[in-house]
Amino acid sequence: MASAPGQLQVTTANTAWGPILPAWCDICRVECNSEKILELHKNGKRHKRTFAENAIYGSLASGLK
């Protein structure tokens, strides 16, 4: 199942301690251990910088069409 850029993609796996819910950031191409860690990542410097760079390049590329 594909998700839109920047959207949360969650898959599950069961362990003896309960389900593991890794989450993926499409913008930075990183996997986080949980939704909570993903939210922390989204508030971090790297994510914000990468998001801003993608927005700039995306607007430049759309202007070239």
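The present account deals with the structure reproduced in this document. (Residues numbered from 1 in each chain as written. Predicted model: local features only at pLDDT ≥ 70, side-chain atom pairs only at ≥ 80, totals over all residues. Heavy atoms only, no water.)

## Topic: the overall build of the protein
Okay, so step 1: For the protein, the count of helices and strands is two helices and five strands.
Okay, so step 2: The buried share among the 65 residues of the protein stands at 18%.
Okay, so step 3: Considering only intrachain contacts with a sequence separation of at least 6, the fraction spanning at least 24 residues in the protein is 10%.
Okay, so step 4: Split by element, the accessible area of the protein, about 5,300 Å² in all, is 58% carbon and sulfur. (Helix = DSSP H or I, 4+ residues; strand = E, 2+ residues; numbered from the N terminus. Buried < 20%, exposed > 50% of the residue type's maximum accessible area, 1.4 Å probe, protein only. Contact = heavy atoms within 4.5 Å. Areas by Shrake-Rupley, 256 points an atom, 1.4 Å probe, with all protein chains shown as cover.)

## A few points about the state of the cysteines
Okay, so step 1: A full pass over the atoms with the stated rule returns zero disulfides.
Okay, so step 2: Free of any disulfide, Cys25 has its nearest neighbouring cysteine sulfur in Cys28, separated by 4.0 Å.
Okay, so step 3: We note that Cys32 lacks a disulfide partner, and the nearest cysteine sulfur, in Cys25, lies 7.0 Å from it.
Okay, so step 4: Here Cys32 falls in the buried class, since its relative accessible area comes to 6%. (Disulfide = S-S within 2.5 Å.)

## Things to note about the nonpolar core
Okay, so step 1: If you look at the biggest cluster of nonpolar residues, it comprises seven residues: Ala23, Cys25, Ile27, Cys28, Val30, Cys32 and Leu38.
Okay, so step 2: Looking at this core, the elements with two or more residues in it are strand E4 (23-25) and strand E5 (30-32). (Core = buried A, V, L, I, M, F, W, Y, C linked by side-chain atoms within 4.5 Å.)

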